[in-house]
Amino acid sequence: MKQTVRHMTPLAVLLVMAFGWIVMQFPGGSSAAVVANLKMPADGTGLIAAFEDAEGATDQRVDFQAALYVPADQPATPFLAPGPFNATWRGQLNVPMRDRYHFAFEGSGTFTLTINGEVVLSVEDAQAGERIISGPVRLDQGPNEIVAQYASPSSADAAVRLLWSSPDFPLEPVSPSVFTYDQSHGNDDALHERQQVRQGRALMAEHRCIRCHTAPNGLIGDASMPELMMDAPAIMDVGLRLHEPWMAEWIADPEAVRHDATMPKFFHGEAGEQQAKDVAAYLATLRFGAVAEASTPVPSDADTIEAGGHLYASLGCVGCHELRDQEPVADRISLAQIGQKFAGPALREFLRNPAQRYAHTRMGDFDLSRDEADAVAAFLLDQSLEPAENYEPGDATRGQALVQQNGCINCHALPVPSTMDVPAMQALMQVDWLTGCLAEDAAARGTAPEIPLNGMERDALRALKGAGLESLSQHNKMEFAQRQMHRLSCNACHELGGKRDKWSLLEWQVAHFAAPEPKGEDGTPAIDQSRPSLSRAGEKLRPQWMRALLNGELEQKPRPWLRARMPAYSAAASQGLAEGIAMLHGLSPEAQPLPEPDEELAALGERLVGQRWGFSCTDCHAVGDFPPQNVFGAVGNDFQTVAERLRRDYFHQWMFDPSRIAPRTKMPRYTDQHGYTALTDVLDGVGADQFEAIWQYLLTQPSSEPSRKR
C-alpha cells in the first residue's frame with residue numbers, strides 16, 4: 001500500500017485499532033440470541049460515535065474505537081443514505097504513563113483530532129493509503145479528552161485508521177482498552193433512541209417477523225440485512241430425529257425449554273398442552289428422507305463415553321454449554337435434555353454436520369470424524385436426563401390443522417399449505433404495536449402467538465416502527481460482523497476486547513473429563529494450549545484467509561498443536577463476516593494478492609531465521625516438512641503459512657515486541673527500546689529492516705494463498 005507521510009506541528013492524538021466492534025445499548029435482559037450480549041459496557045469502555053449523511057440524517061452508537069472502512073456506494077450505518085458522511089468520536093484517551101506521543105491518521109478523507117481542547121492533528125483530503133503523522137504531544141497519565149472528526153471523500157471509499165507511538169514503541173494501532181466515555185452520556189436521549197432502534201432492528205430479524213407479516217415491496221433484496229433471510233430448522237424428517245415427548249414440551253413453551261428461544265408460544269390455557277401434543281404427533285409422522293446410518297446405535301461402552309468426555313473438554317464445549325447439574329452461566333445452553341430431544345443416531349449426524357438442516361445454526365462445524373461424533377454423542381447421552389416415560393401422544397390429524405393455522409409453515413417448509421391470515425407489515429405500520437404479538441398481557445394479545453420478549457424489547461421494536469423499516473434494506477458489513485461475533489459466541493473460546501473467554505473461566509467444570517496431558521516443571525502444559533485473541537483480528541488477518549478459515553476450507557490448521565479446533569460458520573462467512581471484521585479496523589475487505597518477494601532481502605531473511613547466524617526462529621517454527629528443532633514450551637506457526645495469513649503491518653508490530661500484543665506469549669523480544677537487535681552485522685542491527693527481510697523470506701514460501709480442502 002502506497003503511503004505518503006506528512007509531519008504535522010506539535011500535539012496530536014488519536015484512537016484506533018485493536019479489535020473493534022460497536023457495542024449497542026440494549027437495556028435489560030434479552031431472550032434473542034443476537035442481542036443477548038450486546039449491552040453498553042457498564043464501565044463506559046469505548047467512544048460515543050455520531051454520524052450524519054449528506055441529506056442531514058443522523059445516527060449515534062458506542063464504538064470501541066474510531067475506525068471504519070465504508071465503500072463509496074454503501075452507507076456508514078444502516079440508518080443513513082449511501083454516499084458521503086461525517087463522523088465524530090468523543091471520549092477519553094487514558095494514557096498509561098506521562099510521556100510524549102505521536103499520533104497518526106491513515107486512510108482517506110478529512111480528519112481533525114483534538115485533545116484536551118487543542119487541535120493536535122489536522123488532515124485535508126487525504127488520498128487512499130496516506131499516513132499523516134503528528135509532531136510530539138506530551139500527555140499526562142490518566143484520562144485526556146479527545147474529539148476525532150472525520151469527513152469522508154465525496155466519491156471514494158472512506159477509511160479511518162488511527163495509530164500512535166512513543167519512545168518505547170513504534171507506530172501501532174491504539175488499543176481500545178484505553179478509550180472510555182463519560183457515562184452520563186449513556187442517558188442522552190438521542191443516543192438512547194438510536195441504540196433502542198438498533199435493538200429493534202436486530203430483534204425483527206432474529207424473530208423472523210416478516211415471515212408472517214409480509215414485508216413491503218423493495219425492502220428485501222440482495223443488499224438487505226442478511227439475517228432477514230435466515231432459515232429455520234428443516235423438519236421434513238423430524239419424526240426420524242427427535243423424540244415426540246420433547247417436541248410436545250418445546251412446542252408448549254419454547255422459552256421454558258431454552259432461555260434464548262425465538263420460536264413463539266402458540267398455545268395457551270387449558271387446551272394449550274393438548275394442542276402442543278397434537279402438533280408433536282403430526283410432526284412425528286414427518287419421515288421424508290432418512291437419517292444417515294439410523295439403524296446403527298450410538299455406542300454406550302465406558303471407553304467411548306470417556307473418549308467423548310475428552311473431546312467435550314478439549315473442544316471448549318463448556319464455553320457455550322452446561323451439562324446437567326452444572327452451575328448456569330449467562331448465555332450458555334443447557335445440554336441436560338439432549339437425550340430427551342435427539343434419537344442417538346440423529347445426534348451423531350447433527351454433530352458431524354450441524355448446518356445440514358439449519359444453515360444459520362449457531363453451532364459450529366468441528367469437522368468431527370464418525371468415531372469422534374460417536375464418542376461425543378455417547379458422552380452427552382450419558383450425561384443427559386432420560387427420555388420421558390408414560391407419554392400419551394396427541395392426535396396427528398388435529399395437529400396438522402394447527403400447524404396450517406398457526407403459521408409454522410411460514411418458517412418451516414412442510415408438505416401442506418398455510419392457512420394463516422395475518423396483516424402485512426405495511427398495514428401494521430399504520431397502527432400502534434400494543435396488541436397482538438407485542439401485547440403486554442394475554443387479553444391484549446388475543447389469538448396472536450406469544451413472542452419471547454421482555455418489556456424493553458417490545459419497546460425497542462416499537463422504536464424501530466417509529467423510525468421506519470428502511471434500515472432493513474441496507475446491509476452494513478461492519479455492524480453485521482459485530483452482531484455475528486456475539487451471536488456465534490466468539491468470546492466463548494477467545495479473548496475479545498479485553499474480555500476473557502468463558503472457556504478459560506469455566507474450564508474447572510470439565511477438568512475431570514479432560515485427557516491427561518504432559519506438564520512442565522511449573523505444572524503448566526508442556527505445549528502451550530492458549531488460543532489466540534480476537535481483539536485485533538481485522539488488522540491481523542488477511543480477509544481471504546479469514547474467509548477460508550470461517551468456511552472450513554483450510555487444509556492445514558494454523559496451530560496444529562492445539563487440541564482446540566476452530567469450527568466453521570459457512571453461512572456467516574458467505575454473508576461477509578470476514579470482510580466486516582477487516583472494515584471495523586479501517587481496512588479494505590478486498591482480497592489482495594501477495595507481492596513478489598525481494599530476492600536480496602529474502603536471502604538475508606533466510607539467514608536471520610536460522611539457528612547459527614540468526615534469531616533461531618526454527619527452534620520453534622516449522623518450515624513445511626522441516627519440523628521445529630528445539631521447542632521450549634510453545635510451538636510456532638509453520639513459516640509456510642505466515643505470509644498467506646498475516647498482514648504485513650501486523651507482522652512488524654508483532655516482531656518489534658510480541659508481549660505488547662499477547663502478554664502471555666512465549667516468543668521473546670529481539671529489539672531494545674531503540675529498535676535495534678543484537679545481530680549488528682546484518683542491516684546494521686536495525687530491527688525493522690531485519691524484520692522486513694524475514695517477511696520477504698516468508699513471501700518466498702510455497703504456500704502463498706489459503707489452501708483449500710480437496
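All of the points below concern the structure found in this document. Values in this document were obtained by computation on a predicted structure and should not be read as measured data.

### Considering the pattern of salt bridges
Here is step 1 of the chain: Going through the model one piece at a time under the given rule, you end up with 35 salt bridges.
Here is step 2 of the chain: Measuring nitrogen to oxygen at the nearest pair gives 3.0 Å for the salt bridge that ties Arg462 to Asp459. Of the two residues, Arg462 and Asp459 both sit in helix H15 (residues 455-467), three residues apart, roughly one turn of that helix.
Here is step 3 of the chain: Take Arg462: its relative accessible area is 18%, and that puts it in the buried class.
Here is step 4 of the chain: Given the relative accessible area of 36%, Asp459 is considered partly exposed.
Here is step 5 of the chain: Within this structure, Asp59, Arg61, Asp63, Arg194, Arg198 and Glu479 form a network of salt bridges that share partners.

### Description of the pairing of strand S3 (residues 47-53)
Here is step 1 of the chain: Taken across its seven residues, S3 has five buried, putting it largely inside the fold.
Here is step 2 of the chain: Where S3 and strand S4 (residues 58-63) come together, six bridges link them in antiparallel fashion. Across the sheet, the residue bridging to Glu52 is Thr58, located in S4.

### A word on the state of the cysteines
Here is step 1 of the chain: For the structure on display, the rule yields zero disulfides.
Here is step 2 of the chain: With no disulfide of its own, Cys212 lies closest to Cys411 among cysteine sulfurs, the gap being 5.8 Å.
Here is step 3 of the chain: Not part of a disulfide, Cys493 finds its nearest cysteine sulfur in Cys320, a span of 6.1 Å.

### Some remarks on helix H26 (residues 687-699)
Here is step 1 of the chain: End to end, H26 covers 18 Å across 13 residues, agreeing with the expected 18 Å (1.5 Å per residue, within 8%).
Here is step 2 of the chain: Judged by how many residues are buried, H26 sits mostly within the fold: 11 of 13 residues are covered.
Here is step 3 of the chain: Where H26 is concerned, the buried positions are Gly687, Gln690, Phe691, Glu692, Ala693, Ile694, Trp695, Gln696, Tyr697, Leu698 and Leu699.
Here is step 4 of the chain: Of the surrounding elements, those touching the buried residues of H26 are helix H22 (599-609), helix H23 (639-645) and helix H24 (648-656).

### Comments concerning the pairing of strand S6 (residues 85-95)
It is a general feature of regular strands that their side chains alternate between the two faces of the sheet.
Here is step 1 of the chain: Judged by how many residues are buried, S6 sits mostly within the fold: eight of 11 residues are covered.
Here is step 2 of the chain: Two elements, S3 and S6, share six bridges in a ladder whose sense is antiparallel. When the bridges of S6 are listed, Asp53 appears paired with Phe85.
Here is step 3 of the chain: Direction of pairing for S6 relative to strand S10 (residues 142-151): antiparallel, over a ladder of 10 bridges. Bridging across to S10, Val95 finds its partner in Gly142.
Here is step 4 of the chain: Strand direction decides the pairing type here: S6 and strand S13 (residues 179-180), joined by two bridges, are antiparallel. By the bridge assignment for S13, Leu93 is matched with Phe179.

### Topic: the packing of H22 against H26
Here is step 1 of the chain: With their axes 7 Å apart at the nearest point, H22 and H26 run at an angle of 100° to one another. Of the possible angle classes, the one that applies to H22 and H26 is roughly perpendicular. Seen from H22, the contacting residues are Leu601, Ala602, Leu604, Gly605, Glu606, Leu608 and Val609; seen from H26, they are Gln690, Glu692, Ala693, Ile694, Gln696 and Tyr697.
Here is step 2 of the chain: Per-class residue counts for the contact of H22 with H26 are eight nonpolar, three polar and two charged.

### Topic: the environment of Ala564
Here is step 1 of the chain: Along the chain, Ala564 falls in the loop between helix H19 (543-550) and helix H20 (570-574).
Here is step 2 of the chain: Here Ala564 falls in the buried class, since its relative accessible area comes to 10%.
Here is step 3 of the chain: Sequence separation between Ala564 and Asp125 is 439 residues, and the spatial gap between their C-alpha atoms is 46 Å.

Conventions used here
Residues numbered from 1 in each chain as written. Predicted model: local features only at pLDDT ≥ 70, side-chain atom pairs only at ≥ 80, totals over all residues. Heavy atoms only, no water. Salt bridge = Lys/Arg side-chain N within 4 Å of Asp/Glu carboxyl O. Helix = DSSP H or I, 4+ residues; strand = E, 2+ residues; numbered from the N terminus. Buried < 20%, exposed > 50% of the residue type's maximum accessible area, 1.4 Å probe, protein only. Pairing = 2+ DSSP bridges. Disulfide = S-S within 2.5 Å. Expected span 1.5 Å × (residues − 1). Contact = heavy atoms within 4.5 Å. Axes fitted to C-alpha atoms, helices over the stretch in contact; angles between N-to-C directions. Parallel < 35°, antiparallel > 145°, perpendicular 65-115°, else oblique. Nonpolar A, V, L, I, M, F, W, Y, C, P; charged D, E, K, R; others polar.

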